[in-house]
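# An overview of the molecular structure
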Amino acid sequence: MLPRKFMLDDLFDESEVRGMNCDVYLKDDKYHVDVDVPGFAKEDIKIECHKGTITIKAESKEAHDENKKYIRHERRYHKLERSFYFGDIDEDNIKADFKNGTLHLIIPEKVESNKKQITID
């Protein structure tokens, strides 16, 4: 079951996340996030995790060559950012891969292993 406050970015204007569409689903007791980041290289993408919130940032550099006489120049610097709140997750075991403009994250839920056995006197 997903936390009640799952997507933090739903609070903001939809235009702020345009170009970074995603699918979020549960599979094998892990969260999976597929994020489209077209036009970015793997090196342009940063993923941060803090207190159950995953933040994905993508930043490109302007493609401009002084030796060219541009007729039309639309490929400029741009920056995208999106955050998701998952709650209690295992931040040390998050996996990420990037293929064909899609970032795929696998986020395991935290397994509580600090249970203490109490003996009866």
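Described below are features of the structure shown in this document.

Conventions we followed
Think of each chain on its own: its residues are numbered from 1, step by step along the sequence as written. Side-chain atom pairs in this predicted model are given and counted only at pLDDT of 80 or more, local residue features only at pLDDT of at least 70, and totals for whole chains, interfaces and linings cover all residues. As a rule here, side-chain values come from all non-hydrogen atoms in the structure, and water together with hydrogens is ignored. When a carboxyl oxygen of Asp or Glu lies within 4 Å of a side-chain nitrogen of Lys or Arg, that pair is called a salt bridge. By nonpolar core is meant a set of buried Ala, Val, Leu, Ile, Met, Phe, Trp, Tyr and Cys residues that side-chain atoms within 4.5 Å join together. A 1.4 Å probe rolled over the protein chains alone gives each residue an accessible area, and that area as a share of the maximum for its type sets the label: buried under 20%, exposed over 50%, partly exposed in between. Secondary structure elements are taken from DSSP: a helix is a run of H or I of four residues or more, a strand is a run of E of two residues or more, and numbering for both begins at the N terminus. Note on pairing: DSSP must find at least two bridges between two strands before they are called paired. For every element, the axis is a line fit to its C-alpha atoms; helices are fit only across the contacting stretch, and the angle between N-to-C directions ranges from 0 to 180 degrees.

### Structural notes on the pattern of salt bridges
A full pass over the atoms with the stated rule returns one salt bridge. The shortest N-O distance in the salt bridge between E48 and K57 comes to 3.6 Å.

### Examining the nonpolar core
V37, I56, F86 and I107 are the most contacted members of the largest nonpolar core, which has 17 residues in total. Taken together, the elements giving at least two residues each to this core come down to β2 (30-36), β4 (53-59), β5 (79-85) and β7 (102-108).

### Points about the sheet that holds β5
The strand order across the open sheet built from three strands is β3-β4-β5, with neighbouring strands paired in antiparallel fashion. Only two strands of the sheet have a single partner each, and these edge strands are β3 (45-50) and β5. Strand-to-strand twist in this sheet, taken as the mean axis angle between neighbours without regard to direction, amounts to 15°.

### Observations concerning the sheet that holds strand β1 (residues 22-27)
Read from one edge of the open sheet, four strands run β1-β2-β7-β6, paired in antiparallel fashion. With partners counted over all chains shown, the strands left at the sheet margins are β1 and β6 (95-99), one partner each. Averaged over all adjacent pairs, the angle separating strand axes in this sheet is 15°, with direction ignored. Relative to β2, β1 is paired through six bridges, and the arrangement is antiparallel. Considered in β2, the bridge of K27 is made with K30.

Everything listed here is a matter of geometry and, on its own, says nothing about what the molecule does.
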